[in-house]
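# Overview (structure and organization)
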Amino acid sequence: MAEGNQLASPTTVVRKLWARLLLGLVLLFPVEYLFSGRGGASAEHVAIWFVLAALLAVFCVVMNSFADYLADHGEFLLVRRGKLEQRLKIADIACVEDGHSIKPHRVTLHLKASGPFGERIVFMPTPAVLGRNEVALDLERRVNPSRTAI
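The structure contained in this document is the topic of the report that follows. These numbers come from a predicted model, not from an experiment.

Enumeration over the complete set of coordinates arrives at zero aromatic pairs. The lysine or arginine in question, R80, covers the ring of Y69, its NZ or CZ lying 4.4 Å from the ring centre.

Right, let's talk about the pairing of strand β3 (residues 76–81) for a bit. Bridge count for strand β2 (residues 69–72) against β3 is four bridges, and the pairing is antiparallel. What sits directly across from Y69, in β3, is R80. Counting the residues between successive antiparallel strands, the hairpin from β2 to β3 contains three residues, one of them, G74, with a positive phi of roughly 90°. With six bridges connecting them, β3 and strand β4 (residues 84–89) associate as antiparallel partners.

As a further point, take the environment of C95. Within the element layout of this structure, C95 appears in strand β5 (residues 93–99). Separated by 25 residues in sequence, C95 and R120 place their C-alpha atoms 9.7 Å apart. Once you skip the residues sitting within four places of it in the chain, C95 turns out to touch T108, L109, H110 and V143.

The antiparallel open sheet is built from three strands, whose spatial order is β5-β6-β7. The open sheet is flanked by β5 and β7 (118–123), the only strands paired with a single partner. Adjacent strand axes in the sheet meet at a mean angle of 20° when their direction is disregarded. Helix-sheet contacts for helix α3 (residues 134–143) involve β5, β6 (106–115) and β7, and the interaxial angle to β5 is about 160°.

On to the nonpolar core, then. Where a protein is soluble and globular, its nonpolar side chains tend to be buried together. One finds L77, I93, L109, I121, F123 and L139 to be the most contacted residues of the largest nonpolar core, which totals 18 residues. Counting residues per element, this core draws most heavily on α3, which supplies four residues. Membership of the second largest hydrophobic core comes to eleven residues, among which are A19, L22, V26 and F59.

Each value, and the rule that gives it
- Residues numbered from 1 in each chain as written.
- Predicted model: local features only at pLDDT ≥ 70, side-chain atom pairs only at ≥ 80, totals over all residues.
- Heavy atoms only, no water.
- Phe/Tyr/Trp six-rings, centres within 6.5 Å; stacked < 30°, edge-to-face > 60°.
- Lys NZ or Arg CZ within 6 Å of the ring centre and 35° of its normal.
- Pairing = 2+ DSSP bridges.
- Helix = DSSP H or I, 4+ residues; strand = E, 2+ residues; numbered from the N terminus.
- Contact = heavy atoms within 4.5 Å.
- Axes fitted to C-alpha atoms, helices over the stretch in contact; angles between N-to-C directions.
- Core = buried A, V, L, I, M, F, W, Y, C linked by side-chain atoms within 4.5 Å.
- Buried < 20%, exposed > 50% of the residue type's maximum accessible area, 1.4 Å probe, protein only.

Right under this line is the structure:
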């Protein structure tokens, strides 16, 4: 099959890099505290460690819900997350939501029927210079041609 236009930024590098960085902080904090010569753990240090561990868990859950690859093949989109792959017809998309004010920037495709990825597909679009991303605008125009995007 011919390769289509890649619409999603690769998330695997971001996912692995930041997850390992956060894991390092979570593991480094108690080790540093134990080797600093202080006796016993204070409530503040335990709370900080739990906050770091919670941030790591939230980050991993959020990033694992993102599609790894999304390519435009005209009438359909090819979506991959891990080993799971789906050919998604443009007609099967109910609406496109552009989360340009959320970091990391994400686009959510709400589907008319639940599929292998569930009721929605979330991906990080290729970076835009300013404002709303052209990927989201183009998908909005194609999903609902009668609606004019702002």
